[in-house]
Amino acid sequence: MPSEQAKPIPAPEDRGIHEASRREKLAKIGALGHDPWGQRFDGHSAIAALQGRAGEVKLQLADGRTLDLPDPKADAAFDFRAWLAAQGQGELVGPKVRAAGRIVLLRDAGKLKFANIRDWTGDIQILIGKSQVGDDNWALAQCFDLGDLIGVDGTLRRTKTGELTIFAESLTFLSKSIEPPPDKHHGLSDTEQRQRMRYVDLAYNEGVLERFLKRTKIVQSIRSTLGGEGFVEIEGPTLHSVAGGAAARPFITHHNTLDMQLFMRIALELHLKRLLVGGMERVYELGRVYRNEGISPRHNPEFTMLEVYQAYGDYGSMMDLTEKIIVDAIKATGQPFRLPWGESTIDFTPPFTRATYDELFFEHTGVKADDTAGVKALAETIGFDTAGKHPDVIKSEVFEEKVEDALIGPVFVLDYPASICPLTKRKKSNPALAERFELFVEGMEVANAYTELNDPDLQEQLFRTQLAGQNEEDSMAKMDHDFIRALRHGMPPAGGLGIGIDRLVMLLTNSQTIRDVILFPLLREEGRGARGAGRGDDEA
RNA sequence: GAGGCUGUAGCUCAGUCGGUAGAGCAACGGACUUUUAAUCCGUAGGUCUUGGGUUCGAGUCCCAACAGCCUCACCA
């Protein structure tokens, strides 16, 4: 099947004036005896660390005294130049430093060149003076373009305007960028390009790298919280012979040697529960699941899921754990509990609100949840078809329509109608209710937890009922007989929890679309347009 | 899968009523040893996503395709 991974790179003669000029400089760097693709470069400091050393920059006066500098950034009106002049004869001194990074701004000022370089901790200005760095370094600096990676050795000082600057003494070329960077102020704005060329988005768009590093911190924090609570992380199979544990359509794949149809996993649940049977009393997996469903600002076909199971616990244990996971994650990112969300704010200050399904139903609809006729009437007012539906199903549809969007939260919704949660244990005190909670924030379901069903006969029966209700297309979700066999060996009563990691990261990074927290979200193939080769051949 | 919006220089964007393509940044040449979205002078850069159609004439109007975004559905 013909397919293109990306727009083909044009022939060298067609690549335009920008690349041509960069290639000329590339050649010149080589001619000057430097490696345009660089070598190992040790001993450089993170740029943020250099900014932290600003206090080491001093004014050395002619009379031998050394003065600390005021912070020129503390007051916008402060005139560093005038302050320097007022101190009399002297020169600025500072530590020897080495830094490496990408050139993001470049300015010529006669026999001086200013560049701002960026690493993954921050930006810093460097000053290259012809007479200060010598002819060889100066010739090399003439080959710099925006986007190039360079190393600098020099002293950390301030310019006359007070800007913390590395005064270069020698330069090391680390790598050429053949492509021109996007607009130096606006970066890339086209959503499609930002996602396809995430490397450009990360390198040049403000806050993007920071956001993804924050995601990493959140995930690390979750592992650390769970480890601290005595949970062990495992790695279950991602290729399943039966796609179970959730109601979703799987991706289908195939093993050649075994000649066997396989499904990409849609959930982590069934294997984690097998491990409960095996004696792993506190166990979790944090990993990718795949669902062959539509794409939206809150859905990507592959996403990251956390599932946690605790032997001898119940949904209450999971609720406390959920809150701790989130609170710890916010702390780990160094943020306050009140987080910005678009134009508004989400307050994650613990404890989170806990309310029952029925209470919230009444609060947001004005109809008592046990008023079956009233709920049905309300559903019909909304325009739902209620004919032949179980009262709890009608109630659930109304809840999703009227209540969920109003749950700004964070709020734990407890005790769902049992008939819409067949795989959950019922409350001892009220069998009409299931021991289940979901955590909602900004109308978005972030976590879902149950007191898990461990009766193998009941589980099998419910599987069969569930499968009987599915149409032909979904019937590929077959009974997982081995899972039933596992339960027959005795699974401890347990609490189980699932958290959508991408959605949690969205909330903690003020990202309104899931694609902003997934490095490489799924996109259609590039270059399949009308001019694309092969279009039409593979349509049939 | 359905509907709506969008696609113009490497990037960010203008483009009026249908009349022959514009700016800023980036690039190239020049000036400048403390600039900072540097500034100043000059030069070059276009298959207006693609393919049809209407028209004397289409970036602009119509149809289709492709891609992205939004809403809805499936789903978490």
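The rules behind these values
Residues numbered from 1 in each chain as written. Chains lettered and ligands numbered in written order. Predicted model: local features only at pLDDT ≥ 70, side-chain atom pairs only at ≥ 80, totals over all residues. Heavy atoms only, no water. 1 Å grid on protein atoms, 1.4 Å probe; cavity = no way out; pocket = protein on both sides within 12 Å on 5 of 7 lines; lining within 4 Å. Points joined across faces, edges and corners; volume = space filled by probe spheres on them. Helix = DSSP H or I, 4+ residues; strand = E, 2+ residues; numbered from the N terminus. Near = heavy atom within 4 Å. Polar contact = N/O pair within 3.5 Å; in protein donor to acceptor, adjacent residues only side chain to side chain. Phe/Tyr/Trp six-rings, centres within 6.5 Å; stacked < 30°, edge-to-face > 60°. Buried < 20%, exposed > 50% of the residue type's maximum accessible area, 1.4 Å probe, protein only. Lys NZ or Arg CZ within 6 Å of the ring centre and 35° of its normal. Pairing = 2+ DSSP bridges. Axes fitted to C-alpha atoms, helices over the stretch in contact; angles between N-to-C directions. Salt bridge = Lys/Arg side-chain N within 4 Å of Asp/Glu carboxyl O. Domains from an automatic or database assignment. Contact = heavy atoms within 4.5 Å. Core = buried A, V, L, I, M, F, W, Y, C linked by side-chain atoms within 4.5 Å.

Chemist: How would you explain empty space enclosed by the protein if you had to name every residue and give the values?
Modeler: Under the counting rule described, the total for this entry stands at one cavity of 30 Å³ or more. Lining of the largest cavity is provided by H240, V242, G244, A267, L268, E269, L270, H271 and D480. Residue contributions to the lining of the largest cavity peak at three residues, all from helix α8 (residues 269–277).

Chemist: Account for the protein's contact with RNA strand B, naming residues and giving values.
Modeler: Near RNA strand B, the surroundings consist of 58 residues, among which Q125, T161, E192, H299 and N300 are the closest. Protein-adjacent atoms of RNA strand B, using a 4 Å cutoff, are sugar or phosphate at a proportion of 61%. One nitrogen or oxygen atom from the side chain of S131 is found 2.6 Å from a base oxygen belonging to RNA strand B. For the surface near RNA strand B, the elements supplying multiple residues, two or more each, are α1 (16–31), β4 (96–109), β5 (112–119), β6 (122–129), α4 (130–141) and α5 (191–196).

Chemist: So what's going on with the packing of aromatic side chains? Residues and values would help.
Modeler: Applying the stated criterion to the full structure yields eight aromatic pairs. Their ring planes at 20° and their centres at 6.1 Å tell us that F80 and W83 sit as a pair that is stacked. Of this pair, F80 and W83 both sit in helix α3 (residues 80–86), three residues apart, which is roughly one turn of that helix. Taking the centre distance of 5.1 Å and the plane angle of 90° together, the rings of F412 and F437 count as edge-to-face. Here F412, found in strand β18 (residues 411–417), pairs with F437, found in strand β19 (residues 433–441); they are 25 residues apart in sequence, far enough to count as distant. Judged by relative accessible area, which is 0%, F412 ranks as buried. With a relative accessible area of 0%, F437 lands in the buried category. These aromatic residues form a ring-pair network of at least three members: F348, F352, F412 and F437. The ring of F362 has K368 lying over it, and the distance from NZ or CZ to the ring centre is 5.1 Å. The residue whose ring lies beneath R436 is Y416, and the NZ or CZ to ring-centre distance is 4.5 Å.

Chemist: Got a sec to walk through the sheet that holds strand β7 (residues 149–158)? Specific residues and values, please.
Modeler: Strand order in the closed barrel formed by five strands is β4-β5-β6-β8-β7, and the pairing between neighbours is mixed. Strand after strand, the sheet turns through a mean of 55° between neighbouring axes, direction not considered. Looking at chain direction, β4 and β7 are connected through seven bridges and run antiparallel. Considered in β7, the bridge of R98 is made with D153.

Chemist: Could you give me a rundown of the pattern of salt bridges, with the residues and numbers involved?
Modeler: Inspection of the entire model under this criterion finds 33 salt bridges. Put simply, D145 and K176 hold a salt bridge, and the shortest N to O gap is 2.9 Å. Note that D145 is positioned in the loop between α4 and β7 and K176 in the loop between β8 (164–175) and α5, a separation of 31 residues in sequence. Using a relative accessible area of 8% as the deciding quantity, one classes D145 as buried. Across the pair E302 and R288 runs a salt bridge whose closest N-O atoms are separated by 2.7 Å.

Chemist: Run through the pairing of β19, naming residues and quoting values.
Modeler: Of all nine residues in β19, nine are buried, a share of seventy percent or more. Alternating positions in β19 separate into two faces, L433, E435, F437, L439 and V441 on one and A434, R436, E438 and F440 on the other, with burial throughout. Where β18 meets β19, six bridges bridge the pair, whose relative direction is antiparallel. Bridging from a neighbouring strand, Y416 pairs with A434 of β19. As defined by bridge partners, β19 adjoins strand β20 (residues 444–451) across six bridges and the pair is classed as antiparallel. Note that in β20 the partner of F437 across the bridge is A449. Counting the residues in the hairpin turn of β19 and β20 gives two residues, including E442, whose phi is positive at 55°.

Chemist: Can you lay out the domain arrangement of chain A for me, pointing to particular residues and giving the numbers?
Modeler: Under the domain assignment used here, chain A contains domain 1 (12–57 + 94–181) and domain 2 (204–235 + 266–352 + 409–516). The centre of domain 1, based on its C-alpha atoms, is set 47 Å off from the matching centre of domain 2.

Chemist: Which residues make up the side chain of T451, and what values go with them?
Modeler: With respect to the element layout, T451 can be found in strand β20. On the basis of relative accessibility, which here comes to 6%, the residue T451 falls in the buried class. Looking at T451, its side chain comes within polar contact range of the side chain of E435, at 2.6 Å. In contact with T451, other than residues within four places in its own chain, are D314, Y315, T424, K425, E435 and A494.

Chemist: Can you explain the nonpolar core? Please cite residues and give values.
Modeler: In terms of nonpolar packing, the biggest core is built from 43 residues, with I222, L226, L306, F348, F437, L497 and I499 touching the most fellow members. Residue contributions to this core peak at nine residues, all from helix α9 (residues 315–332). What F348 contacts, discounting residues up to four positions off in sequence, is I326, V327, I330, F337, L339, P410, V441, L507 and L508.

Chemist: Any chance you could break down the pairing of strand β16 (residues 344–347) for me, citing the residues and the numbers?
Modeler: Pairing analysis gives four bridges linking strand β15 (residues 338–341) to β16, with the strands arranged antiparallel. Each bridged residue has a counterpart across the sheet, and for L339 the counterpart in β16 is I346. Hairpin connection, β15 to β16: the antiparallel pair is bridged by two residues, and G342 has positive phi, about 55°.

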